[in-house]
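Chains, contacts and geometry: an overview
Spelled out from the first residue to the last, the chains are:
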Amino acid sequence: MFRDDDLELNTGAITRHVDFLRSNGVARGNGVLLAGGAAGDFSTMTFDERVCVAETVAEAANGAVPLAMGAQTTSTRELVALARAAERLKFQFIQVSCPFYFNHTEADFLDYVKAAAEAADVGLIIYNTFWTSAGVSFRTVEKLAEIPNVIGLKWATPRTDAMEFEDVVSTFSSRLSIIDNHLMFPLSHALGARAFEVHLSNYWPAWGLKLLADLESGHYAEVQRNLVSEAMPFYKLWMEIEAGFTSGDGYLDKLCMELVGLDSSRCRAPTRDVRHDYREKCRDMLLRTGVPGVLPHAAA
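A brief report on the enclosed structure follows. (Residues numbered from 1 in each chain as written. Predicted model: local features only at pLDDT ≥ 70, side-chain atom pairs only at ≥ 80, totals over all residues. Heavy atoms only, no water.)

A short note on the pattern of salt bridges
Considering all chains together, one arrives at 16 salt bridges under this definition. We note a salt bridge from Asp 214 to Lys 210, for which the minimum N-O separation is 2.8 Å. Residue Asp 214 and its partner Lys 210 are both found in helix H8 (residues 205–216); the two are separated by four residues, about one turn of the helix. Judged by its relative accessible area of 9%, Asp 214 is buried. The partly exposed category is assigned to Lys 210, whose relative accessible area is 39%. Glu 258 serves as the salt-bridge partner of Arg 279, at 2.8 Å between the closest nitrogen and oxygen. With Arg 279 in helix H11 (residues 275–289) and Glu 258 in helix H10 (residues 250–259), this pair connects stretches of sequence that are 21 residues apart. A relative accessible area of 22% means that Arg 279 is categorised as partly exposed. Look at the salt bridges and you will find they share partners, linking Asp 4, Glu 258, Asp 273, Arg 275 and Arg 279 into a network. (Salt bridge = Lys/Arg side-chain N within 4 Å of Asp/Glu carboxyl O. Helix = DSSP H or I, 4+ residues; strand = E, 2+ residues; numbered from the N terminus. Buried < 20%, exposed > 50% of the residue type's maximum accessible area, 1.4 Å probe, protein only.)

Next up, the structure:
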């Protein structure tokens, strides 16, 4: 979060958000806190600001929740520095994607990951951001899995009849912690995935905890119904906003947080402030999907 008046970091708001998540049941065994991830305005922050966000989250978590630090960057040198900062702050993991802007190859990405792996004693979560950079193939996952401290794979793929998503999950779930970033939770869980990326938990942590419990109990039909009735409206609204604003999703997370009484802010420029145009539509979505604690109009 930032301060709305000058868009400087608001570390107090970040601390209060971690406190909110912890007080609503997010803990070791059911959650990991990702500080400054791909949706977290990392591309508009300086290196020192990214480290400050991570340090703030670590202090607020106080060892009660495992920690991952967003480490997306276009520079191997900066990736190494982020990995070392994460180790110093006692983060268990960093999240690493293929560099963007230039058309990097998968061989480039392997060297990039190896540099981080050799630089610090921290687990690496590989994030397949194929929509902004080179995609990660099955063969590259094989090679990445040979690196001892590569421990996780945040996984989504373009949908084809070759079933690349299922192929990787079923093949590597015994070696890597597969994080489903594709909203195919019943299928991926049945194939061995044990982690799930859910934006809704930022403002509705009970939803994520129930999802996890239902998956572990094998209640796959209920999970799928809840995805359609409770999660799909969020993602449909996100896609609508993205048609007219910077691609991304942090702005909707933060608007939802604002509407349940949490600290929030706009995203930094060049992303424009979406809140005036979408506050009421977002409020309606939250009420329709059963989110608790939605503020009345005058209170937001």
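There is more to say after this.
Concerning the nonpolar core
Core analysis: the largest hydrophobic core is formed by 95 residues, its most contacted members being Ile 94, Val 113 and Tyr 203. By residue number, the principal contributor to this core is helix H9 (residues 220–242), which donates eight residues. (Core = buried A, V, L, I, M, F, W, Y, C linked by side-chain atoms within 4.5 Å.)

Quick notes on empty space enclosed by the protein
Scanning the entire structure with this criterion turns up one cavity of 30 Å³ or more. Of the volumes computed, that of the largest cavity is approximately 40 Å³. As for the largest cavity, its lining consists of Tyr 251, Lys 254, Ser 265, Arg 266, Cys 267, Arg 272, Asp 273, Val 274 and Arg 275. Tallied by class, residues from the lining of the largest cavity come to three nonpolar, one polar and five charged. (1 Å grid on protein atoms, 1.4 Å probe; cavity = no way out; pocket = protein on both sides within 12 Å on 5 of 7 lines; lining within 4 Å. Points joined across faces, edges and corners; volume = space filled by probe spheres on them. Nonpolar A, V, L, I, M, F, W, Y, C, P; charged D, E, K, R; others polar.)

Notes on the packing of aromatic side chains
Overall, the coordinates contain eleven aromatic pairs when judged by the stated rule. Summarising the aromatic geometry, the rings of Phe 234 and Tyr 235 are spaced 5.1 Å apart at their centres and angled 80° between planes, so their arrangement reads as edge-to-face. Judged on exposure class, the residue Phe 234 and its partner Tyr 235 are both buried. Geometrically, the ring pair formed by Phe 245 and Tyr 278 is edge-to-face, given 6.3 Å between the ring centres and 75° between the ring planes. Placement of Phe 245 in the loop between H9 and H10 and of Tyr 278 in helix H11 is noted, with a sequence separation of 33 residues between them. In this structure Phe 245 comes out as buried when scored by relative accessible area, which is 11%. An aromatic cluster is present here, built from Tyr 203, Phe 234, Tyr 235 and Trp 238 joined pairwise through their rings. Lys 154 extends its terminal NZ or CZ atom over the ring of Tyr 127, reaching a point 4.1 Å from the ring centre. Taking NZ or CZ as reference, Arg 272 lies 4.1 Å from the ring centre of Phe 245, over its face. (Phe/Tyr/Trp six-rings, centres within 6.5 Å; stacked < 30°, edge-to-face > 60°. Lys NZ or Arg CZ within 6 Å of the ring centre and 35° of its normal.)

So, the packing of helix H3 (residues 76–88) against helix H4 (residues 106–119)
Their axes nearest at 9 Å, the elements H3 and H4 cross at an angle of 30°. Relative to H4, H3 is oriented roughly parallel. Regarding H3 and H4, the two cross each other, and that crossing is right-handed. Side by side, H3 and H4 meet where Thr 76, Leu 79, Val 80, Ala 83, Arg 84 and Glu 87 of the first sit next to Tyr 112, Ala 115, Ala 116 and Ala 119 of the second. A class-by-class count of the residues in the contact of H3 with H4 yields seven nonpolar, one polar and two charged. (Axes fitted to C-alpha atoms, helices over the stretch in contact; angles between N-to-C directions. Parallel < 35°, antiparallel > 145°, perpendicular 65-115°, else oblique. Left-handed = near helix turned anticlockwise from the far one by under 90°. Contact = heavy atoms within 4.5 Å.)

Note that all results are geometric; they support no functional claim without further evidence.
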